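Each chain, written out:
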Amino acid sequence: SVRLSLPTGFGHLVMSGWLIEFKRQYPDIALDLLFDNRVDDLLREEVDVAVRVISEPPQQMVATELAQVRYVTCASVGFARGQPMPHVLDDLGQVPLITSAVVGRALRVSAYQGQERRELTLHPTLASENFQFLREAILAGLGVGLVPDYVVRQDVAEGRVVTSLDDWRLSVFGTRLFLVRMPNRYQTLATRTLIDFVVAKARSWAG
């Protein structure tokens, strides 16, 4: 059996489908899935493999970078119809902002465009670590979302959500997706099979 720890948002919204496919291909491999965003627990808990969105992996772990996480500025079609969408970066400070911030703490956002780099401090009006909830709040027209693109990718493709500031690359918290594991933990064939599968899936997803 393999214990795999996944980040809540990316795990639910993207990796669920991958892991169902994995189980179909390898019905004999037992999977124990934990949905969690903390990094410090990986040392304590008997987790074989973890996927995390972080800027740098912990020193004592073996890490494989899977993909870059892109943040998008977005809102429901209804919201965008009734209120102005942000057209320049500074507009982000003037709109009701929905994001995965830590409540009570100002949100630091780095924005990149070509050679230019800007730092913004934002104050979200709705914050949650639950990306499923953030997606619902954006769809409900409660404000402008600043979320990883995978949260609303389907909604944008199907015309429910529109994006703006697309020429800026926005970075909030960690913007890199890593697969990490403990160097000294014995790796079973099942664990190696899962790692290879997840790495291949992530590479084609990041495309």
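Residues numbered from 1 in each chain as written. Predicted model: local features only at pLDDT ≥ 70, side-chain atom pairs only at ≥ 80, totals over all residues. Heavy atoms only, no water.

Caption draft 1: Just the packing of aromatic side chains, in detail. Applying the stated criterion across every chain yields a total of seven aromatic pairs. Grouping aromatic residues by their ring pairs yields a cluster made of F10, W18, F131, Y150 and W205. Across from the ring centre of Y112, 4.6 Å away, lies the NZ or CZ of R169, which sits over that ring. (Phe/Tyr/Trp six-rings, centres within 6.5 Å; stacked < 30°, edge-to-face > 60°. Lys NZ or Arg CZ within 6 Å of the ring centre and 35° of its normal.)

Caption draft 2: The arrangement of the pattern of salt bridges in detail. Inspection of the entire model under this criterion finds 11 salt bridges. Note that E119 is salt-bridged to R117, the shortest N-O span being 2.7 Å. The exposure class of E119 is partly exposed, given its relative accessible area of 36%. Linking R160 and D155 is a salt bridge whose minimum nitrogen-to-oxygen distance equals 2.8 Å. Residue classification places R160 among the partly exposed positions, given a relative accessible area of 34%. (Salt bridge = Lys/Arg side-chain N within 4 Å of Asp/Glu carboxyl O. Buried < 20%, exposed > 50% of the residue type's maximum accessible area, 1.4 Å probe, protein only.)

Caption draft 3: Looking closely at the pairing of strand β7 (residues 107-113). One ladder, built from seven bridges, connects β7 with strand β8 (residues 116-122); its direction is antiparallel. Looking at β8, one finds that Q113 is bridged to E116. Sheet topology places β7 next to strand β12 (residues 169-171); three bridges connect them, and they run antiparallel. Following the sheet pairing, A111 is matched in β12 by L170. (Pairing = 2+ DSSP bridges. Helix = DSSP H or I, 4+ residues; strand = E, 2+ residues; numbered from the N terminus.)

Caption draft 4: Seen up close, helix α5 (residues 149-157). For α5, every residue scored as buried is listed here: D149, Y150, V151, V152 and D155. The elements touched by buried residues of α5 are α1 (8-25), β5 (71-76), α4 (131-139), β10 (144-148), β11 (161-164) and α6 (189-206). Taken from the residues just after α5, G159 is the one with a positive phi, measuring 80°. (Contact = heavy atoms within 4.5 Å.)

Caption draft 5: Focus on the nonpolar core. One finds W18, V51 and L146 to be the most contacted residues of the largest nonpolar core, which totals 57 residues. Considering every element that reaches this core, the biggest residue donor is α6, with eight residues. Leave out the neighbours within four places in its chain, and V51 touches L4, S5, L6, P7, M15, L66, L177, F178, L179 and V198. Among the nonpolar cores identified, the runner-up in size contains seven residues, and M61, F178, V180 and M182 belong to it. (Core = buried A, V, L, I, M, F, W, Y, C linked by side-chain atoms within 4.5 Å.)

By themselves, these observations are geometric and do not establish any function.
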